[in-house]
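Given next are the chains, with one letter for each unit.
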Amino acid sequence: MAEPSMMESIARLVPPGSRVLDLGCGDGALLAHLQTTRACTGYGVEIDDAKVLACIKRGVNVLQLNLEGGLTMFGDDAFDVVLQIDTLQHLRNAQTMLLETARVGRIGIVAFPNFAHWPNRLAVLQGHMPVTKRLPYQWYDTPNIRVGTYRDFEVLARRNGLTIEDSFGLHEGREVRSLPNLLASTAVFRFSS
């Protein structure tokens, strides 16, 4: 998560003083930001060695784990907030991890590239997979296992008994609340079980 404006939008969804678990935390920038600006505590989870080291250098508590193994080491409601920012689309067991997020945290927050954003739709209509700022890889070298849309997530959340408390899109640093499935490059959801 490089964009400061995206970080701010996500941070506003996290209650001050929360105990946070950040799944796929990368270099720990978001968790460090939450610690500094919202007095949060918690842990990041990351598998990449270099990113784990970056977290440690930043002063972020980090656990090196493969999320495909689940969150069985954490009890129910062990955290106030569980974050999956640009993580869900990389997981083979996305639905299971979504339910685990809801089990382990009182609040879950996910953000992912919205494949239904209009430039992506146009690219598909022109016969090729989109390459954009939010989906910067060619179809043959992408780390994304799946693509999803804002609307797809709404359906998945409801099907799994989750309550969407807030949702919006993000595009070029601003929140998009009108037609986010069409006009936003990133989908953001705050939910509870």
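You'll find the structure just up there.
Fair warning: this is a prediction, and the values are worked out from it, not measured in the lab.

**Q** I keep staring at the layout of surface pockets and nothing clicks. Help me out?
**A** Any space left empty among the atoms is revealed by the rolling of a water-sized probe across them. Computed from the structure, the second largest pocket encloses a volume of approximately 240 Å³. Lining the second largest pocket we find 15 residues, and of these Leu 88, Arg 146, Val 147, Gly 148 and Leu 156 sit closest to its centre. The biggest single contributor to the lining of the second largest pocket is helix H6 (residues 150-159), with three residues.

**Q** Explanation requested: the sheet that holds strand S4 (residues 79-85) in the structure shown.
**A** As a general point, the strands of a sheet are linked pairwise by backbone hydrogen bonds and lie either parallel or antiparallel. Across the sheet, eight strands lie side by side as S3-S2-S1-S4-S5-S8-S6-S7; this open sheet has mixed pairing. Two strands in the sheet have a free side with no partner beyond their single neighbour: strand S3 (62-64) and strand S7 (174-176). With strand direction ignored, the average angle separating the axes of adjacent strands in the sheet is 20°. In the sheet, strand S1 (residues 19-23) pairs with strand S2 (residues 41-46) via five bridges, with the strands oriented parallel. Bridge pairing in S2 places Leu 21 opposite Tyr 43. The strands touched by helix H3 (residues 49-58) are S2 and S3; relative to S3, the strand with the most contacts, the crossing angle is about 160°.

**Q** Can you walk me through the nonpolar core in this structure?
**A** Nonpolar side chains in soluble globular proteins tend to end up buried together. Formed by 27 residues in total, the largest nonpolar core has its most connected members in Ile 10, Val 14, Val 20, Leu 34, Leu 83, Ile 85 and Ile 109. Of all the elements in the fold, those that place two or more residues in this core are helix H1 (4-12), helix H2 (29-38), H3, S4, strand S5 (105-113) and strand S6 (163-171). Ignoring sequence-local partners within four residues, the contact set of Ile 109 consists of Ile 10, Leu 13, Val 14, Val 81, Val 82, Leu 83, Gln 84, Ile 85, Phe 189, Arg 190 and Phe 191.

**Q** It is not clear to me how the environment of Ala 123 should be interpreted in this structure. Could you clarify?
**A** Its location among the elements puts Ala 123 in helix H5 (residues 118-125). Assessed through its relative accessible area of 7%, Ala 123 is described here as buried. Considered as a pair, Ala 123 and Pro 15 are 108 residues apart in the sequence and their alpha carbons are 38 Å apart. In this structure, Ala 123 is in contact with His 128, Met 129 and Pro 130, ignoring residues within four places of it in sequence.

What counts as what
Residues numbered from 1 in each chain as written. Predicted model: local features only at pLDDT ≥ 70, side-chain atom pairs only at ≥ 80, totals over all residues. Heavy atoms only, no water. 1 Å grid on protein atoms, 1.4 Å probe; cavity = no way out; pocket = protein on both sides within 12 Å on 5 of 7 lines; lining within 4 Å. Points joined across faces, edges and corners; volume = space filled by probe spheres on them. Helix = DSSP H or I, 4+ residues; strand = E, 2+ residues; numbered from the N terminus. Pairing = 2+ DSSP bridges. Axes fitted to C-alpha atoms, helices over the stretch in contact; angles between N-to-C directions. Contact = heavy atoms within 4.5 Å. Core = buried A, V, L, I, M, F, W, Y, C linked by side-chain atoms within 4.5 Å. Buried < 20%, exposed > 50% of the residue type's maximum accessible area, 1.4 Å probe, protein only.

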